[in-house]
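These are the residues of each chain, in order.
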Amino acid sequence: MEEDMDEGQTQKGCLECCIKCLGGIPYPSLIATILLYAGVALFCGCGHEALTGTVTILQNYFEVVRSPVDALDVFTMIDIIKYVIYGIASAFFVYGILLMVEGFFTSGAIKDLYGDFKITTCGRCVSAWFIMLTYIFMLAWLGVTAFTSLPVFIYFNIWNICQNATVLEGATLCLDPRQYGIVPIAEAKTVCSGSEKFYKMCESTELDMTFHLFICALAGAGAAVIAMIHYLMVLSANWAYVKDACRMQKYEDIKSKEEQELHDIHSTRSKERLNAYT
């Protein structure tokens, strides 16, 4: 009988501990972190593979070759963008962890305001710094989203020309990479309908896959923008809560100090009256 009671108390204690741990999780920050990681992973993974597919299309169907000298050609720019993607993936993995930790500490500061953990000026400055940094990153991701829409627009035009070439018989439709600044003006790398390369490119899996990968990368950049906006709302709310909590903490400290002074005054007067009576 006593063993059953001990087991019941142990289970009750574990349940209360689990509920307390789950209650301390900052769920808004957790949702924003998951959305950020999903968006960054989608953008970096799909963007990297789409750039690789772009190199294959340029080399196989447009016969664009890499410059033998260290010139800033389209292949060099693609390599630079790939390295930028590696940096974005690493940086925002660390930044998501930092924001999640900040959410845990802010939630703990609010819930345990009068416990061992106290809100400090440094903590408020860190929260304000994260708000400013997240706002800058949100603007940066808006720029990345706008930049990612350019290859989606280019591949949509190519896909549209391929579709029209099969519908309009006898029409001469051409694809010229010089229109998009991919190759220099002096190099003529035009591919027109009726040629074997044109139909091979339109029927290839590289074109369709690269087009859809750029769309997924654009969706990932949009998800990262939404995550940044979500983080801004969470950080701003936590900042407001912490600010109000600090004011309440100061008020309680002043109130307790005044009560202590009144108590000391009453104690002193009681002692004086007692001494006068004696």
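Everything here concerns the structure above.
Residues numbered from 1 in each chain as written. Predicted model: local features only at pLDDT ≥ 70, side-chain atom pairs only at ≥ 80, totals over all residues. Heavy atoms only, no water.

1. What to know about the nonpolar core
Within soluble globular proteins, side chains that are nonpolar generally end up buried alongside one another. For clarity, the cut-off: We define a nonpolar core as any set of buried Ala, Val, Leu, Ile, Met, Phe, Trp, Tyr and Cys residues linked to one another through side-chain atoms lying within 4.5 Å. Buried means the residue's accessible area, taken with a 1.4 Å probe over protein chains only, is under 20% of the maximum for its type, while exposed means over 50%, and partly exposed covers the values in between. Counting from the N terminus, the helices are DSSP H or I runs at least four residues long and the strands are E runs at least two residues long.
Membership of the largest hydrophobic core comes to 51 residues, with the highest contact counts inside it found for Leu36, Phe43, Phe62, Phe92 and Trp141. No other element matches helix H6 (residues 205-277), which puts 13 residues into this core.

2. Overview of the pattern of salt bridges
Side-chain pairs of opposite charge can arise whenever the charged atoms involved come near each other. Convention followed: Just to be clear on terms, a salt bridge is a Lys or Arg side-chain nitrogen sitting within 4 Å of an Asp or Glu carboxyl oxygen.
Scanning the entire structure with this criterion turns up 2 salt bridges. Linking lysine 197 and glutamate 63 is a salt bridge whose minimum nitrogen-to-oxygen distance equals 1.8 Å. Of this pair, lysine 197 sits in helix H5 (residues 196-203) while glutamate 63 sits in the loop between helix H2 (27-60) and helix H3 (74-111); the two residues are 134 residues apart in sequence, bridging distant segments of the chain. By relative accessible area, which is 30% here, lysine 197 ends up partly exposed. Glutamate 196 is the partner of lysine 200 in a salt bridge, and the nearest nitrogen-oxygen pair spans 3.1 Å. Of this pair, lysine 200 and glutamate 196 both sit in helix H5, 4 residues apart, roughly one helical turn.

3. Let's talk about the environment of methionine 228
The line we're drawing: Residue contacts are defined here by distance: any two heavy atoms, one from each residue, within 4.5 Å place the two residues in contact.
With respect to the secondary-structure elements, methionine 228 resides in helix H6. For methionine 228, a relative accessible area of 0% translates into the label buried. It is 9.5 Å that separates the C-alpha atoms of methionine 228 and isoleucine 136, two residues lying 92 residues apart in sequence. Those residues in contact with methionine 228 that sit more than four places away from it in its chain are Leu36, Phe92, Thr134, Phe137, Met138 and Trp141.

4. Quick word on unusual backbone geometry
Of note, the phi angle at glutamate 63 is positive, near 55 degrees, even though the residue is not glycine. Judged by its relative accessible area of 44%, glutamate 63 falls in the partly exposed class.

5. A few points about the packing of aromatic side chains
Each aromatic ring pair is characterised by the separation of its centres together with the angle its planes make. Definition in use: The aromatic pairing rule takes the rings of Phe, Tyr and Trp, using the six-membered ring of Trp, and pairs them if the centres are within 6.5 Å, calling planes under 30 degrees apart stacked, those over 60 edge-to-face and the rest tilted.
Inspection of the entire model under this criterion finds 12 aromatic pairs. Ring plane angle 25 degrees and centroid distance 6.4 Å describe the contact between tryptophan 159 and phenylalanine 211, whose orientation is recorded as stacked. Of the two residues, tryptophan 159 sits in helix H4 (residues 121-167) while phenylalanine 211 sits in helix H6, which places them 52 residues apart along the sequence. For phenylalanine 211, a relative accessible area of 10% puts it in the buried group. A centroid spacing of 5.6 Å and a plane angle of 85 degrees characterise the contact between phenylalanine 198 and tyrosine 199, whose relative ring orientation is edge-to-face. What makes tyrosine 199 partly exposed here is its relative accessible area of 34%.

6. A word on the environment of cysteine 46
Structurally, cysteine 46 is set in helix H2. For cysteine 46, a relative accessible area of 13% corresponds to the buried category. Separated by 174 residues in the primary sequence, cysteine 46 and glycine 220 place their C-alpha atoms 8.6 Å from one another. When near neighbours in sequence (up to four residues on either side) are disregarded, cysteine 46 contacts Ala41, Leu213, Cys216 and Ala217.

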